[in-house]
Amino acid sequence: CAPAGWTERAEIVDYRPTNSELGALVLENRLIKQWRPAGNKALKRTDRYCYLRCRLDIPYPVLEVAAEPAAGHAVNVGPLGSRALASELADQLTSLYRLRHCGRKLKVREHPSAYGQMGRCVSPCLGDLDPNAYRRQLDMALGHFEEPGAGEALVEELDRRMVEAAQDQLYERAAALLRRKERLAWVVDRLDGVLRATHSTPRLVLAQHPVKERFDAFWIVAGRLVDWGSLPGASELVDRTAAALTRPPGRAAIPADEIDEIRIVASWVAEHEPPTLTLDPMPTAEALLRFSGCRASSPAMSA
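Every value quoted in this text rests on a predicted model; they were computed, and no experiment measured them.

*Asks:* Would you take a moment to explain the sheet that holds strand E3 (residues 74-80) for this structure?
*Replies:* Hydrogen bonds between backbone atoms are what pair the strands of a sheet, whose relative direction is either parallel or antiparallel. Strand order across the open sheet formed by 3 strands is E2-E1-E3, with antiparallel pairing between neighbours. With one partner strand each, in any of the chains shown, strand E2 (64-66) and E3 form the two edges of the open sheet. Here the strands of the sheet are splayed against their neighbours by 25° on average, with no regard to which way each runs.

*Asks:* What am I meant to see in the environment of Leu96 here?
*Replies:* For Leu96, the position within the fold is in helix H2 (residues 83-96). Taking the relative accessible area as the measure of exposure, Leu96 reaches 5% and is therefore buried.

*Asks:* It is not clear to me how the sheet that holds strand E4 (residues 203-208) should be interpreted in this structure. Could you clarify?
*Replies:* With antiparallel pairing, the 4 strands of this open sheet are ordered in space as E6-E5-E4-E7. Edge positions in the open sheet fall to strand E6 (224-230) and strand E7 (276-278), since each of these has one partner strand only. Adjacent strand axes in the sheet meet at a mean angle of 15°, parallel and antiparallel pairs treated alike. As judged from the 6 bridges shared by strand E5 (residues 215-221) and E6, these two strands associate in the antiparallel manner. The residue bridging Val221 from the neighbouring strand is Arg224, located in E6. Contacts from helix H1 (residues 21-35) reach E4, E5 and E6 within the one sheet, and its direction differs from that of E6 by about 120°.

Thresholds, definitions, all that
Residues numbered from 1 in each chain as written. Predicted model: local features only at pLDDT ≥ 70, side-chain atom pairs only at ≥ 80, totals over all residues. Heavy atoms only, no water. Pairing = 2+ DSSP bridges. Helix = DSSP H or I, 4+ residues; strand = E, 2+ residues; numbered from the N terminus. Axes fitted to C-alpha atoms, helices over the stretch in contact; angles between N-to-C directions. Buried < 20%, exposed > 50% of the residue type's maximum accessible area, 1.4 Å probe, protein only. Contact = heavy atoms within 4.5 Å.

If you want it as structure tokens, here you go:
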């Protein structure tokens, strides 16, 4: 229903059919993003999201927080829902793995910076550090985000370092690592929702019409709804599934304006537990057809 005072302003009334409630929710979200109606303020705020990113086009890359993912040769983590927490995560990882704290332009020094003197930077600014050695540290820092559970992996790493420090009777260092672990676990826990969605298992979900034997199909890959529509026939189903799983190599960041869509789909799937087929590894054509029941759908009107 339109809010009071808006119905009389309508010049055209149109509709698009879907076969399921989830299809109607996804379509509504996309139309709001496309048309930005003045009377609907929902689902439009994406400016609060940001990315932890690392541009790999220099010998000693740095971690940074920005509103957009980096293009080209880069690693992007996110989108993350808080710039302050993302910045703290970047600072924690930079110190933990002794990365550069300065900007992208590296100034050569005769003596280590303050961070280098404290043992929190490997000091490439001295001009004698192998870029490959620095890159190994960077890979360890970013490697936590290649799989789900970034917070768990980081906590385990800090636990290991705490045990080593205690065994070496470095008790002040062990205490400092404990404080860092507690803070880092708190930060990542609040940023981990979208990170887990990014790494969710690729799957094909079928959402049924409320009363009829009709279905919408949803292909969810790397936390994104990469394709959806009426459940197609056998040949098209196989082709679209293969196409959905064909993604560029590397860690592709999810655009901030898709976050609402991720949450809509995830919430609906969690509540309704629809038929779901894992797409890792890619199922055979026979398995796809058994799952779908070989039923091609025709549209039904949905709100």
